[in-house]
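# Close look at the chain arrangement
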Amino acid sequence: MSTRAQLWRLTLVCWAWSFAAMLLWSVATPMWASPDAPAHAMRAYAVGHGDITGEPVEGVYMTNTPVPLGLLESAGSVGCLAFMRDTPANCVTMPDPEKTEEVDYYNPAGRYIPSYYLAVGVPSAWAPLKYTWYAQNFLAAAYASLFVGMAAAAALTARRRGVALAGVLVACSPMVVWLGGLANPNSLEIAAATAMGACTLVFLREPDSWLGRAMFARAMVAAAVMVLVRLIAPVWVGVWFLVFAILAGGVVWRALRQRRNLAWMGVPVLATAVSALWTFTSGVDDVGKVPAFDYSWGERLVLSRQRNDPDTIYEMVGWFGWLDAPLDIRVLELYLWPALAVVVLAAAFLRSREVLALIFLGVCTYVVPIVLQAANWNTGGQWWQGRYTLPLMVLLPITALWLAAEKVDLADRLSPARKLRWMLPLLLLPLAVVHLVAFQTHLRRNVNAGRGDSAFDGPWEPPVNAETWMVGYLVLVVATWALVILLLIRDAGGPAAAAAVPAAEPGREPAHEPGDEPGRASGDPRGDEPDAEPDGRVVGAAPAQP
């Protein structure tokens with residue numbers, strides 16, 4: 001990656017690729033057939049029409065957000081579908097465009113921070129009533145896919161692009177892609193976490209290059225977006241900062257003190273302040289003030305752990321609809337075990353500090369949700385879902401595969417890493433199969449509720465027809481898997497790969513090969529676009545390799 005223009009072109013391509021996947025899932029989802037869809041859609045509609053705060057309802061944890069009667073009646077019809085596995089989606093009615101008079105709606109999401117709802121609620125002001133929900137989802141998919149595209153673009157700047165990209169693909173489970181196409185703050189939080197992680201890792205490798213600085217800016221924007229759309233997100237950002245602290249060396253810490261980077265670090269800090277201000281002034285925390293149980297901390301931790309094992313793990317892979325369309329347990333495990341194998345395989349090539357960072361991240365991914373749920377158990381009871389943990393979970397494969405991509409030498413015939421050329425595609429193949437099975441399961445549940453021999457024939461049908469979207473997703477998944485294979489082959493056999501040398505530990509002062517220009521890796525084109533530092537010193541894009 002030699003210029004900023006090339007970086008943006010790569011990002012746009014990755015954005016389009018991600019958007020296509022999320023849009024396919026969005027189109028295959030019936031109206032209101034996603035977690036808490038009416039609450040989020042009504043909140044977005046109200047904010048899109050200028051009602052930012054709503055009217056608090058005394059005595060209940062809700063806010064009155066008036067909406068058109070036609071939209072409310074349509075949302076109410078989802079009662080025939082939610083949690084009803086044996087009911088196809090044709091029972092859900094479309095909004096009546098003639099019923100535009102506004103009526104009260106007591107919204108459980110009415111006190112949530114309005115930033116996300118403003119972003120996706122804009123088309124509510126002009127879109128026809130019957131298409132409001134779809135317009136919100138379209139924008140939601142555009143936002144989420146942008147950040148996943150940033151993560152993929154960051155992976156494609158790695159020394160071994162196929163290895164790093166595999167980490168992003170493992171992170172994007174069917175649940176991540178499905179949620180990405182829906183208007184739900186959780187979907188953007190997850191997507192932004194992928195960008196925060198991947199872009200930070202580029203900065204760790206080359207903090208003084210234009211590429212590193214650009215990626216750091218993207219990471220800080222992603223972290224700020226996470227904090228502004230979900231009140232729990234500062235916890236995930238804090239955990240990732242600790243992982244960053246474990247990985248960072250002296251070069252990185254010195255780079256962070258530069259004025260430009262300090263300014264970008266201020267973005268998520270400011271976002272956190274705004275989020276905290278909303279939390280303390282909006283009454284969103286009122287739900288935690290009236291205890292319903294009287295369990296001790298120890299009892300709450302046990303109850304929370306029992307709830308989270310193992311359901312939340314499965315929910316992170318594929319548990320669609322209103323938690324009424326889970327994948328078969330064998331299909332779920334067909335994703336989980338190869339994904340775990342990929343992470344463990346990558347960890348085998350890492351240094352002890354990097355393995356420590358992975359272990360810490362993995363422990364936090366398991367422990368923090370249990371503690372958070374336990375802390376609120378007496379007032380909120382059992383409330384955690386697997387998708388809430390995804391902002392941390394996606395960081396595990398992204399981090400493991402990125403760090404491995406900077407270490408392994410696929411061109412060395414004597415290196416054990418050369419086996420990654422065929423091991424990674426084999427391990428990714430069952431994940432690709434699970435994506436296709438998940439898409440078919442999602443369609444089948446809504447088209448005919450599992451009745452009949454075909455997943456494509458039944459009382460409900462998505463726009464055009466189910467077969468079209470199934471074929472489209474098949475083409476996209478197969479093309480993505482083939483792309484990883486192609487990148488791995490090029491990483492192993494290309495001229496740049498043959499000349500590659502082991503990477504420096506992230507953030508450490510690199511040594512130089514004889515004849516190398518200081519501050520630039522031998523044969524590394526990332527430094528082709530120089531930048532002047534404040535002291536007049538010109539640096540390249542990447543540190544030299546030892």
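Here the structure is a predicted model, which is why all the values come from computation and not from measurement.

## Description of the overall build of the protein
The helix and strand tally for the protein stands at 22 helices and nine strands. Looking at the protein residue by residue over its 546 residues, the buried ones come to 56%. Expressed as a percentage of contacts within the protein between residues at least 6 apart in sequence, the contacts between residues at least 24 apart total 80%.

## Remarks on the pattern of salt bridges
Evaluated as defined, the whole model comprises nine salt bridges. Its salt-bridge partner being R205, residue E206 comes within 2.5 Å of it at the nearest N-O pair. Measuring nitrogen to oxygen at the nearest pair gives 2.8 Å for the salt bridge that ties K407 to E354. Of this pair, K407 sits in the loop between α19 (395-405) and α20 (420-447) while E354 is found in helix α16 (residues 352-375), placing the two residues 53 residues apart along the sequence. Owing to a relative accessible area of 1%, E354 belongs among the buried residues under this scheme. Beyond isolated ion pairs, a larger network of salt bridges with shared partners links R205, E206 and E406.

## Focus on the confidence of the model for the protein
Summary statistics for the protein give a mean pLDDT of 87 and a share of 88% for residues scoring 70 or more. A low-confidence stretch, residues 494-505 (pLDDT under 50), is modelled with 30 contacts involving residues beyond four sequence positions or located in other chains. Ignoring residues within four places in sequence, the model shows residues 508-546, a span with pLDDT below 50, making 85 contacts including any to other chains.

## Concerning the nonpolar core
One finds W32, F147, V163, F439 and Y473 to be the most contacted residues of the largest nonpolar core, which totals 169 residues. Residues in contact with Y473, not counting those within four places in the same chain, are A21, L24, W25, V177, H435, L436 and F439.

## Points about the state of the cysteines
A full pass over the atoms with the stated rule returns one disulfide. Through a disulfide, C80 is tied to C91; the S-S separation comes to 1.9 Å. With the S-S bond torsion at 85°, the cross-link from C80 to C91 turns out right-handed. Here C91 lies in the loop between α3 (69-76) and β4 (102-103) and C80 lies in the loop between α3 and β4, a separation of 11 residues in the sequence. Judged by relative accessible area, which is 26%, C80 ranks as partly exposed.

## What to know about the packing of helix α15 (residues 329-347) against α20
In the contact formed by α15 and α20, the axes pass within 9 Å of each other and the chain directions differ by 155°. One element, α15, and the other, α20, form an angle in the roughly antiparallel class. Pair α15 / α20 crosses with left-handed handedness. The residues of α20 that touch α15, namely those facing V331, L334, Y335, P338, A339, A341, V342 and L345, are L420, M423, L424, L427, P430, L431, V434, H435 and V437. Of the residues belonging to the contact of α15 with α20, the class tally is 16 nonpolar, one polar and no charged.

## A short note on the packing of aromatic side chains
The tally for this structure, following the rule as stated, stands at 18 aromatic pairs. Measuring from ring centre to ring centre gives 6.2 Å for W236 and W384, while their planes differ by 80°; the resulting arrangement is edge-to-face. Remark: W384 occurs in the loop between α17 (377-380) and α18 (386-393) and W236 occurs in helix α10 (residues 233-247); sequence separation between them is 148 residues. Owing to a relative accessible area of 0%, W236 belongs among the buried residues under this scheme. Pairwise contacts between aromatic rings join W25, W178, F320, F439 and Y473 into one cluster. One residue, R218, lies across the ring of W8, its end atom 4.6 Å from the ring centre. In this arrangement the basic side chain of R300 is found over the ring face of W297, its NZ or CZ atom lying 4.7 Å from the centre.

## Things to note about the environment of P56
Considering the arrangement of structural elements, one finds P56 in strand β1 (residues 55-56). Taking relative accessible area as the criterion, P56 reaches 57% and is therefore assigned exposed. P56 sits 55 residues away from R111 along the chain, and the two C-alpha atoms are 8.1 Å apart. Among residues more than four places away in sequence, those in contact with P56 are M62, T63 and R111.

## Some remarks on the packing of helix α6 (residues 161-171) against α20
The interhelical angle for the contact between α6 and α20, taken along N-to-C directions, is 20°, at an axis separation of 11 Å. Viewed along their axes, α6 and α20 adopt a mutual orientation that is roughly parallel. Between α6 and α20 lies a crossing of left-handed hand. Residue-level contacts link V163, A166 and V170 of α6 to L424, L428 and L431 of α20.

## Quick word on the environment of A44
Position of A44 relative to the elements: it lies in helix α2 (residues 37-48). Classification of A44 by relative accessible area gives buried; the value is 1%. For the pair A44 and S124, spaced 80 residues apart in sequence, the C-alpha separation works out to 7.7 Å. Ignoring any residue separated from it by four or fewer positions in sequence, one finds A44 in contact with Y117, V120, G121, S124 and Q136.

Analysis parameters
Residues numbered from 1 in each chain as written. Predicted model: local features only at pLDDT ≥ 70, side-chain atom pairs only at ≥ 80, totals over all residues. Heavy atoms only, no water. Helix = DSSP H or I, 4+ residues; strand = E, 2+ residues; numbered from the N terminus. Buried < 20%, exposed > 50% of the residue type's maximum accessible area, 1.4 Å probe, protein only. Contact = heavy atoms within 4.5 Å. Salt bridge = Lys/Arg side-chain N within 4 Å of Asp/Glu carboxyl O. pLDDT = per-residue confidence, 0-100. Core = buried A, V, L, I, M, F, W, Y, C linked by side-chain atoms within 4.5 Å. Disulfide = S-S within 2.5 Å. Axes fitted to C-alpha atoms, helices over the stretch in contact; angles between N-to-C directions. Parallel < 35°, antiparallel > 145°, perpendicular 65-115°, else oblique. Left-handed = near helix turned anticlockwise from the far one by under 90°. Nonpolar A, V, L, I, M, F, W, Y, C, P; charged D, E, K, R; others polar. Phe/Tyr/Trp six-rings, centres within 6.5 Å; stacked < 30°, edge-to-face > 60°. Lys NZ or Arg CZ within 6 Å of the ring centre and 35° of its normal.

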